[in-house]
Amino acid sequence: MASPYAKLRHALVVSAAKAVGLSGDELTAALVSQVRVPEMGRGDLALPCFDLAKRVKLAPPEAARRIAGVLQEEAIYERVDAVGPYINVIVTARHLAESIVPAARTPGYGRDEAGAGKTVVLDFSSPNIAKPLAFHHIRSTVIGAALGRLHAARGWRVIALNYLGDWGKQFGLLASAWKRLGDPARRGDAKHLVEVYVEANREADVERHRAAIAAPVEARTLLEQLTAARHELAAASDVAARKKLESKVKGLQRKAPEGSEAAVATYLAGLDGQARAATEELPAAEARDREARLYLKRMEEGDVEALAEWREFRETSIADFLRIYSRMGIEFFALEGESRYSDVLAATIARVAEKPGVRRDDGALVVDLPEEPGQPPVLLETRDGTTLYVTRDIAAAIDRHQRFAFERSLYVIAQDQALHVSQLKKTLSAMGLSFADKMTHVAFGRIHGMSTRRGNVVFLDEVLDEAVAKARELCEASEALDATRTAETAETIGVGAIVFGDLKNLRASDYTFKLEDIINFDGHTGPYVQFTHARLASILRKSEGIPRQEAVDIGLLGTPEERAVMLALARFPDAVADACEAFEPSLLTRCVLEVAQCTSSWLSSGNQDRSKRVLVDDLALRGARLHLVSAVHSTLAAGLALLGVRAPDAM
RNA sequence: GCGCUCGUAGCUCAGUUGGAUAGAGCGUCGGCCUUCUAAGCCGAUGGUCGCGCGUUCGAGUCGCGCCGAGCGCGCCA
């Protein structure tokens, strides 16, 4: 079912084409996509006539004039202007109201059946057990959950999978460190597990120790290179050579220590000290790293004791994750970790090995992708004989296709992993599995500026708590809110602000995390939309009932504020469809914001001019306005629900 | 070095397959609580769209070059 907005565009294009003697579905489709909202608020719709004019060999302004002349005769247009090569139309308020408001009040407005009979598998959130659910996990979690709801709204069967990182070396690390660092009394405490893991990771970080050992030499080499490069630059005369040297010096300066001679000496001495310490600790770190690998090996060989330990850690982490997911209203079809595939890995490797290009290299099993020269090969198995995550992803992809026969399989994973996902798809393709084409990497950008109070991790849970605390202050001060509902409403608003805040950003671009911004509820935020929704609910409560559809003359609507609200509402179904097809929830977020903004202006206009209020004395007008209120109220609620944000009726 | 992403207002970001005078929010400044909820509304301020060529009737958008940023690149996930 087409949206009211799509119908308006379609009608305009069909008439315009007919006016110059053209028709046809293909032409119509092409023209519909050219229709836009005119600038300067000079109308409801604008059609640039370049394309149309070309087809009938007229100058664009001439074509626009002719078309405008014909459109003027149509009853649904209040005004038609040809401005140069553009046609701007204003649709009559009556037509807007009649075509939009009843549709928007229909339950299920924005939903359709485009995905009926099809299955989408979504892989999202996917935290690693033993590590905390950190703030950066919000992106995959919230984008994936929104895409699931969007697909469901379009009739898809949705399989939401949380592919836990519950297998791998990090378990060996945690288990072996637990014996030394763990507090037996706090076995079931997820926070304590994280503490142990972080410390274990630090201890066994062989790379970090080696880097520390190499650091003093590297720093001195850099300084020498910098000095040499500066001398060369001073001596060089050729312009091209100078330019090259300048950029070299600049590059070196970025990495080299700076400051006075004394400061540099102190810095180098510091590095020397760190290197000595690292040299001492390195053997222990290597031993712990080896211990962790061996533990994983024992797990993969089915060692009962090792598996029991692993299972317990896993349960503790999962319980904590589920608590946070439930705060955000997120449910999964299943939490299926990598461990699900531990039994079929050998068979998977054997199956991949049937394809040419699989070879042993320094003990490790690698797959060459010949069509990708210069690209790194895929590693299936380490020289220790343990598997890597690509191996497990291959097994998982095959399994998912067998179980769900998906039409789409979406991997909501950070952009960083682009190479990994593309290798996964290419390996599957090379194995002759054509469903690889149905797999899409829904990549998202990084969150910068995670200013932290401890270490490098901001816990998602803590950010939610901060936002809820801020919301509670406001709720306690609110006169509109019943005191018994403060806590519940604060949770709704605080969590909603965080979820909405993330989904407002274009998924592919990086964004900067600032706690102050994220818990600031002023401006275009989740609480802004929720607040608008609450105001509408309040009006409905005070209205003494909404008249039946037949008893209302909806065409009485027509102030500029009301027109703006209706036009914004008309685009809602398009936003749902577009957000789903582009895997871009922010398209819906922005649409919802626009509806809320127009509505907010509309409602506030009643403060200056009482005749613009919804609850006016003229009962016919009041009835029509109440219908618009109820249309916006239900649409905002539906939009927020798709995004995973609750809509309070008072705040 | 190779590959991917990106550079728009003081800050954070939009800008629909190339279309009219590049838009929001935050911030700053000024109005509006006798108000269907001020978490709001109205107005002002603020931009050589990184730089330079090119394609086009038309470029923030497409191509090339340069400058700058981030990420990835065999035994972690």
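Residues numbered from 1 in each chain as written. Chains lettered and ligands numbered in written order. Predicted model: local features only at pLDDT ≥ 70, side-chain atom pairs only at ≥ 80, totals over all residues. Heavy atoms only, no water.

Colleague: Help me out: how do you make sense of the overall build of chain A in this one?
Modeller: When you go through chain A residue by residue, the secondary structure sums to 23 helices and 13 strands. Taken along the three principal axes of its C-alpha coordinates, chain A extends 85 × 70 × 60 Å. Burial analysis of chain A (651 residues in total) assigns 50% to the buried set. The long-range share in chain A, meaning contacts at least 24 apart out of those at least 6 apart in sequence, stands at 74%. For chain A, the computed accessible surface area is about 30,800 Å², with 52% contributed by carbon and sulfur atoms. Once the 83 positive and 89 negative side-chain charges of chain A are each reduced to a mean point, those two points are 3 Å apart. (Helix = DSSP H or I, 4+ residues; strand = E, 2+ residues; numbered from the N terminus. Buried < 20%, exposed > 50% of the residue type's maximum accessible area, 1.4 Å probe, protein only. Contact = heavy atoms within 4.5 Å. Areas by Shrake-Rupley, 256 points an atom, 1.4 Å probe, with all protein chains shown as cover. Lys, Arg positive; Asp, Glu negative; His and termini not counted. Charge placed at Lys NZ, Arg CZ, Asp CG, Glu CD.)

Colleague: Even after reading the chapter, I still don't get the protein's contact with RNA strand B, so can you show me in this structure?
Modeller: Neighbouring residues of RNA strand B: 72 residues in total, closest Tyr86, Arg383, Ser509, Phe531 and Lys542. The sugar-phosphate backbone supplies 57% of the atoms of RNA strand B found within 4 Å of the protein. Lys542 places a polar side-chain atom, nitrogen or oxygen, 2.7 Å from a phosphate oxygen of RNA strand B. Here the surface near RNA strand B takes nine residues from helix α22 (residues 586–608), the largest share from any one element. A breakdown of the residues in the surface near RNA strand B according to their chemical character gives 29 nonpolar, 22 polar and 21 charged. (Near = heavy atom within 4 Å. Polar contact = N/O pair within 3.5 Å; in protein donor to acceptor, adjacent residues only side chain to side chain. Nonpolar A, V, L, I, M, F, W, Y, C, P; charged D, E, K, R; others polar.)

Colleague: Hey, could you run me through the sheet that holds strand β6 (residues 334–335) in this one?
Modeller: Each strand in a sheet pairs with its neighbour through backbone hydrogen bonds, running either in the same direction (parallel) or in the opposite one (antiparallel). The strand order across the open sheet built from five strands is β6-β5-β4-β10-β11, with neighbouring strands paired in parallel fashion. Edge positions in the open sheet fall to β6 and β11 (439–444), since each of these has one partner strand only. Sheet topology places strand β5 (residues 157–162) next to β6; two bridges connect them, and they run parallel. Paired with Leu161 across the strands is Ala334, a residue of β6. (Pairing = 2+ DSSP bridges.)

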